[in-house]
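Reading the structure
Residue strings, one per chain:
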Amino acid sequence: MARKLAYVGSLPVLLLIVFHFQPDTDVPVVAAADVQISRSQFAQYIDEFSEPDGYFDTDNFISNETSYLHVIPELRRRVRAGFVYLGVGPDQNFSYIVHTKPSLAIITDIRRQNMLEHLLYKALFDLSNTRAEFLALLFSREIPNVDARTPLRELLRGLRSSRSSEERFRSNLAAIRNRLLQTYGLKLSAEDLRRIDYVYRTLQEEGLDLRFSSIGRNNAANYPTFESLLLQTDRSGQAQGYLATEESFQWMKRFEGENRLIPIVGDFGGPKAFKAVASFLQKNGLVVSTFYTSNVEYYLFESSQWRQYVANVRALPATEDAVFIRSYFAAAGAHPQNVPGHRSTSLVHSLRDFLREDSAGRIRSYWDVVTP
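Scope of this entry: the structure provided in the associated data block. (Residues numbered from 1 in each chain as written. Predicted model: local features only at pLDDT ≥ 70, side-chain atom pairs only at ≥ 80, totals over all residues. Heavy atoms only, no water.)

1. A look at unusual backbone geometry
A negative phi angle characterises most non-glycine residues, just as the trans form characterises most peptide bonds. One non-glycine residue with positive phi stands out, namely S140, at about 55°. By the secondary structure assignment, S140 is in the loop between α5 (131-138) and α6 (152-160). Judged by relative accessible area, which is 0%, S140 ranks as buried. A positive phi angle is found at N259, which is not glycine, with a value near 60°. (Helix = DSSP H or I, 4+ residues; strand = E, 2+ residues; numbered from the N terminus. Buried < 20%, exposed > 50% of the residue type's maximum accessible area, 1.4 Å probe, protein only.)

2. Details of the sheet that holds strand β6 (residues 261-265)
One open sheet accounts for 6 strands, arranged β6-β5-β4-β7-β8-β9; its pairing is mixed. Looking along the sheet, the strands with just one partner apiece sit at the ends: β6 and β9 (344-350). Strand-to-strand twist of the sheet, defined as the mean angle between neighbouring strand axes without regard to direction, takes the value 15°. Of the strand pairs in this sheet, strand β7 (residues 288-294) and strand β8 (residues 318-329) are connected by 5 bridges, and their pairing is parallel. Looking at β8, one finds that T290 is bridged to V323. Along the sheet face, helix α11 (residues 273-283) touches β4 (84-87), β5 (104-109), β6 and β7 and points at about 170° away from the line of β5. (Pairing = 2+ DSSP bridges. Axes fitted to C-alpha atoms, helices over the stretch in contact; angles between N-to-C directions. Contact = heavy atoms within 4.5 Å.)

3. Looking at the pattern of salt bridges
Per the stated rule, a full pass over the model turns up 24 salt bridges. Between D358 and R314 there is a salt bridge whose closest N-O contact spans 3.1 Å. Separated by 44 residues along the polypeptide, D358 in helix α14 (residues 351-359) and R314 in helix α13 (residues 306-315) bring together distant segments of the chain. Residue R314 is classed as partly exposed on the basis of its relative accessible area of 38%. (Salt bridge = Lys/Arg side-chain N within 4 Å of Asp/Glu carboxyl O.)

4. Description of the packing of aromatic side chains
Counted by the stated rule, this structure contains 31 aromatic pairs. Ring centres 5.8 Å apart and planes at 40° place the aromatic pair F274 and F291 in the tilted group. Placement of F274 in helix α11 and of F291 in strand β7 is noted, with a sequence separation of 17 residues between them. Residues F274 and F291 agree in their burial class; the two are buried. Lying across the ring of F169, R201 places its NZ or CZ 3.9 Å from the centre. Across from the ring centre of F324, 4.1 Å away, lies the NZ or CZ of R326, which sits over that ring. (Phe/Tyr/Trp six-rings, centres within 6.5 Å; stacked < 30°, edge-to-face > 60°. Lys NZ or Arg CZ within 6 Å of the ring centre and 35° of its normal.)

5. Description of the nonpolar core
Counting residues in each nonpolar core, the largest one holds 106 residues, and the members touching the most others are L135 and Y309. When residues of this core are assigned to their parent elements, the largest contribution, 8 residues, is made by helix α4 (residues 112-127). Setting aside anything within four residues of it in sequence, one finds Y309 in contact with F268, G269, F291, T293, E297, L300, F324 and F354. (Core = buried A, V, L, I, M, F, W, Y, C linked by side-chain atoms within 4.5 Å.)

6. Considering α6
Taken together, the buried positions of α6 are L152, L155, L156, G158 and L159. The buried residues of α6 occupy one face: seen down the axis, they fall within an arc of 155°. Tucked into the core, α6 has its buried residues touching α5 and α9 (226-230). (Arc of directions from axis to C-beta.)

7. Some words on α14
Listed in full, the buried residues belonging to α14 are L351, F354, L355 and D358. Projected down its long axis, α14 carries its buried residues within an arc of 95°, all on one side. Those residues of α14 that are buried are in contact with α13, β8 and β9. The N-capping residue of α14, defined by a side-chain oxygen 3.4 Å from the backbone nitrogen of R352, is S350. Just past α14, the residue G361 takes up positive phi, approximately 75°. (Polar contact = N/O pair within 3.5 Å; in protein donor to acceptor, adjacent residues only side chain to side chain.)

8. A look at the packing of helix α1 (residues 39-49) against α11
Packing of α1 against α11 leaves a shortest axis separation of 9 Å and a crossing angle of 135°. Compared by their axis directions, α1 and α11 come out oblique. Packed against α1, whose contacting residues are Y45, E48 and F49, the element α11 presents A273, A276, V277 and F280 at the interface. Its residues assigned to classes, the contact of α1 with α11 shows 6 nonpolar, no polar and 1 charged. (Parallel < 35°, antiparallel > 145°, perpendicular 65-115°, else oblique. Nonpolar A, V, L, I, M, F, W, Y, C, P; charged D, E, K, R; others polar.)

9. Let's talk about the environment of M115
In this structure, M115 sits in helix α4. Take M115: its relative accessible area is 1%, and that puts it in the buried class. What M115 contacts, discounting residues up to four positions off in sequence, is I46, P263, I264 and V265.

Right under this line is the structure:
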């Protein structure tokens, strides 16, 4: 073990380093067992890494990937703890983070609202001592009468029978704003606060029945509810979400409390955010092990941004065994790894293999991306 002090801008990041050696080589791959990020750094990195707000035609309060936990056993086999996790979208990232146990997570999404929703979650983790308190705060309801060993399904049943009120919502919202503005010292505009209010109001009004929603399109009738997403399992039927056990929740709460999840605004094929993240990681000797892309690559592949996206991936310092977590939605025909009953198929692929295939000119279609 060694201790390393690195500087980014004017603020230091303290890293406690653990060395792992790749088989058959003498080159160490570095996993940071402890990354200490202050609140002022947390606020600075959001501002410095982010691009201007972009547009995508979903509110994206929650995911629509019912298969998202199918890959957990494979992630646990393939991903070593202590490296860096990159992701996109809202709270499905928490379950991936809990199981890959990174030293740092950076969530990059084109929608500023996604970043603001993660700040809302950060405040809720801070304000909650248990899963039950967290869920009660999330939906502005009374805390259900359960204990730490209560199965999630029963906890959610208790939450449904708990009462909500406008007074409770406003009190909770005031506490959230206080955490964001006073405790964390974040520079949020009036519009940012309005969007946070909008997300939190939606969670209160729709609760466990909240569904993924598209703007200007008919929503698919089989989009899952928030409750059904929380109750999803891996392929063997094991509960694997971050709220499945009190232990998983407490791990994620500590991770958030240590400012290790940094949400930023950025386009995967954009000119700034990924370059800023890559530079930050390189300067601090941090290495990516996991990159959750959802199905963003589907939208990039036919666009002029695809080559910039690949260049952004190439610039990331990554372990030799780094993986993508991808989600594939079949417009016609299913993916070979699809589980019947699920519109999405979640996949784990080698990041290095993807870059080698691209260099060889063998990625000619999006199907080549999701079936390497």
